[in-house]
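Read off the chains here:
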Amino acid sequence: MTPAPTVGVLALQGDVREHLHSLTATGLRAVTVRRPAELDAVDALVIPGGESTTMWKLAEAFEMLEPVRMRIKEGMPAYGSCAGMIMLADRIEGGMDGQQTFGGIDMVVRRNAFGRQVDSFESDLEFSGLGQVRGVFIRAPWVESVGDAVEVLARADTGDRIVAVRQGPLLATSFHPELTGEARVHSYFAEMVREF
Ligand SMILES: NC(=O)CC[C@H](N)C(=O)O
């Protein structure tokens, strides 16, 4: 039997523990990643929810920006929730001056897109291939536009906004399945990792 793939959770900032827990529940090995050497040791990476401006600054401070970009270019599977989705976007709107991302998914993501009234909310989404999934949105981004290579997996019921996408080995959601005990999104990612 081949050993289970190891997934790193980028542990600079954000809801790292919740992702570690969700990944372990799918049968994958999950470890924290803060340093380039730790990144080298994993087969795939999860970028948690949190605050993308802080994550970007810490990624620079920990000299992780380029190494993560490089691994993504080489085809490493990655999944980002919320701030993690922002980090996987090739282009962002509403970012801080100079804010950078790892990129990888050919999309424009708008930060804090759902506005003040609905800073945080929950709703049921139709997730392609999974059926109905409960989405928890916390100052969440949405996907403003996608390139041809990007598959739209879910839209919010509020105005048809795109909230889950996949491009090859890269997955991103505006919402946080790691916070609701919703195992199927992590299982979906685990399948992507095993296929890789
Ligand atoms: N829950 C989240 O991850 C929020 C994302 C945050 N608003 C950002 O721009 O990074």
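Residues numbered from 1 in each chain as written. Predicted model: local features only at pLDDT ≥ 70, side-chain atom pairs only at ≥ 80, totals over all residues. Heavy atoms only, no water.

1. Observations regarding the side chain of S123
- Within the secondary structure layout, S123 lies in strand 7 (residues 120-127).
- Accessibility expressed as a relative area gives 7% for S123, which makes it buried.
- Setting aside residues up to four positions removed in sequence, S123 forms contacts with V133, R134, G135, F137 and D157. (Helix = DSSP H or I, 4+ residues; strand = E, 2+ residues; numbered from the N terminus. Buried < 20%, exposed > 50% of the residue type's maximum accessible area, 1.4 Å probe, protein only. Contact = heavy atoms within 4.5 Å.)

2. Some details on the pattern of salt bridges
- Using the criterion set out here, one finds twelve salt bridges in the structure.
- For E51, the salt bridge goes to R111, with nearest N and O atoms at 2.9 Å. Of this pair, E51 sits in the loop between strand 3 (44-47) and helix 3 (52-61) while R111 is found in the loop between strand 6 (105-110) and strand 7, placing the two residues 60 residues apart along the sequence.
- In this structure, the salt-bridge partner of R69 is E66, at a minimum N-O distance of 2.8 Å. Taken as a pair, R69 and E66 lie in helix 4 (residues 65-73) at a separation of three residues, close to a single helical turn.
- Accessibility expressed as a relative area gives 44% for E66, which makes it partly exposed.
- Several salt bridges converge on common partners, so that one network encompasses E122, D124 and R134. (Salt bridge = Lys/Arg side-chain N within 4 Å of Asp/Glu carboxyl O.)

3. Quick look at the pairing of strand 12 (residues 170-173)
- Residues L170 and A172 of strand 12 are buried on one face, and the alternating residues L171 and T173, pointing to the opposite face, are buried as well.
- Bridging between strand 4 (residues 78-81) and strand 12 involves four bridges; their strand directions are parallel. Considered in strand 12, the bridge of S81 is made with T173.
- Counting the residues between successive antiparallel strands, the hairpin from strand 11 (residues 162-167) to strand 12 contains two residues, one of them, G168, with a positive phi of roughly 55°. (Pairing = 2+ DSSP bridges.)

4. A few points about the site of the ligand
- Residues in close proximity to the ligand include G49, G50, E51, S52, C82, A83, I86, R111, N112, I138, R139 and H176, which together make up its full environment.
- R139 places a main-chain nitrogen or oxygen 2.9 Å from a nitrogen atom of the ligand.
- Protein coverage of the free-state accessible area of the ligand, which is 300 Å², stands at 96%.
- A majority-of-atoms criterion places the ligand in the largest pocket.
- Of the residues that constitute the shell around the ligand, the class distribution is four nonpolar, five polar and three charged. (Near = heavy atom within 4 Å. Polar contact = N/O pair within 3.5 Å; in protein donor to acceptor, adjacent residues only side chain to side chain. Areas by Shrake-Rupley, 256 points an atom, 1.4 Å probe, with all protein chains shown as cover. 1 Å grid on protein atoms, 1.4 Å probe; cavity = no way out; pocket = protein on both sides within 12 Å on 5 of 7 lines; lining within 4 Å. Sits in = over half its atoms within 2 Å of the grid points. Nonpolar A, V, L, I, M, F, W, Y, C, P; charged D, E, K, R; others polar.)

5. Some remarks on the packing of aromatic side chains
- In the structure shown here, the tally under the stated rule is seven aromatic pairs.
- On the numbers, 5.9 Å between centres and 75° between planes, the contact of F127 with Y188 is edge-to-face. Of this pair, F127 sits in strand 7 while Y188 sits in helix 6 (residues 184-195), and the two are 61 residues apart along the sequence. Neither F127 nor Y188 differs from the other in exposure class; each is buried.
- Among the aromatic residues, those joined into a cluster by ring pairs are F114, F121, F137, W142 and F175. (Phe/Tyr/Trp six-rings, centres within 6.5 Å; stacked < 30°, edge-to-face > 60°.)

6. Overview of the UniProt feature "binding site: L-glutamine" (unreviewed entry) in the protein
- UniProt feature "binding site: L-glutamine" (unreviewed entry): in the numbering of this structure it lies at G50, E51, S52, R111, I138 and R139. These residues run over 90 residues, yet every pair of their C-alpha atoms falls within 12.8 Å of each other. The annotated residues contributing to the lining of the largest pocket are G50, E51, S52, R111, I138 and R139.
- Looking at where S52 falls in the secondary structure, it is placed in helix 3.
- Apart from the residues within four sequence positions on either side, S52 is in contact with A83, I86, M87, Q99 and R111. (UniProt positions renumbered as here; feature names shortened; annotations may be inferred.)

7. Notes on helix 4
- Considered for burial, the residues of helix 4 that qualify are L65, V68, R69, R71 and I72. Buried residues of helix 4, seen end-on, are gathered within an arc of 165° and therefore sit on one face of the element.
- On the buried face of helix 4, the contacting elements are helix 2 (36-40), strand 3, helix 3, helix 5 (83-88) and strand 12.
- The positive-phi residue at the C-terminal boundary of helix 4 is G75, with phi of around 105°. (Arc of directions from axis to C-beta.)

8. Some thoughts on the UniProt feature "active site" (unreviewed entry) in the protein
- Within this numbering scheme, the UniProt entry marks C82, H176 and E178 as carrying the feature "active site" (unreviewed entry). These annotated residues cover 97 residues of sequence, and their C-alpha atoms all fall within 10.8 Å of one another, placing them together at a single site. Cross-referencing the annotated residues with the largest pocket identifies C82 and H176 as lining it.
- Structurally, the position occupied by C82 is in the loop between strand 4 and helix 5.
- If you trace the backbone, E178 turns up in the loop between strand 12 and helix 6.
- Looking at E178, the relative accessible area reads 5%, which means it is buried.
- In contact with E178, other than residues within four places in its own chain, are D15, E18, H19, S22, G49, S81 and H186.
- A distance of 3.3 Å separates polar atoms of two side chains, one belonging to E178 and the other to H19.

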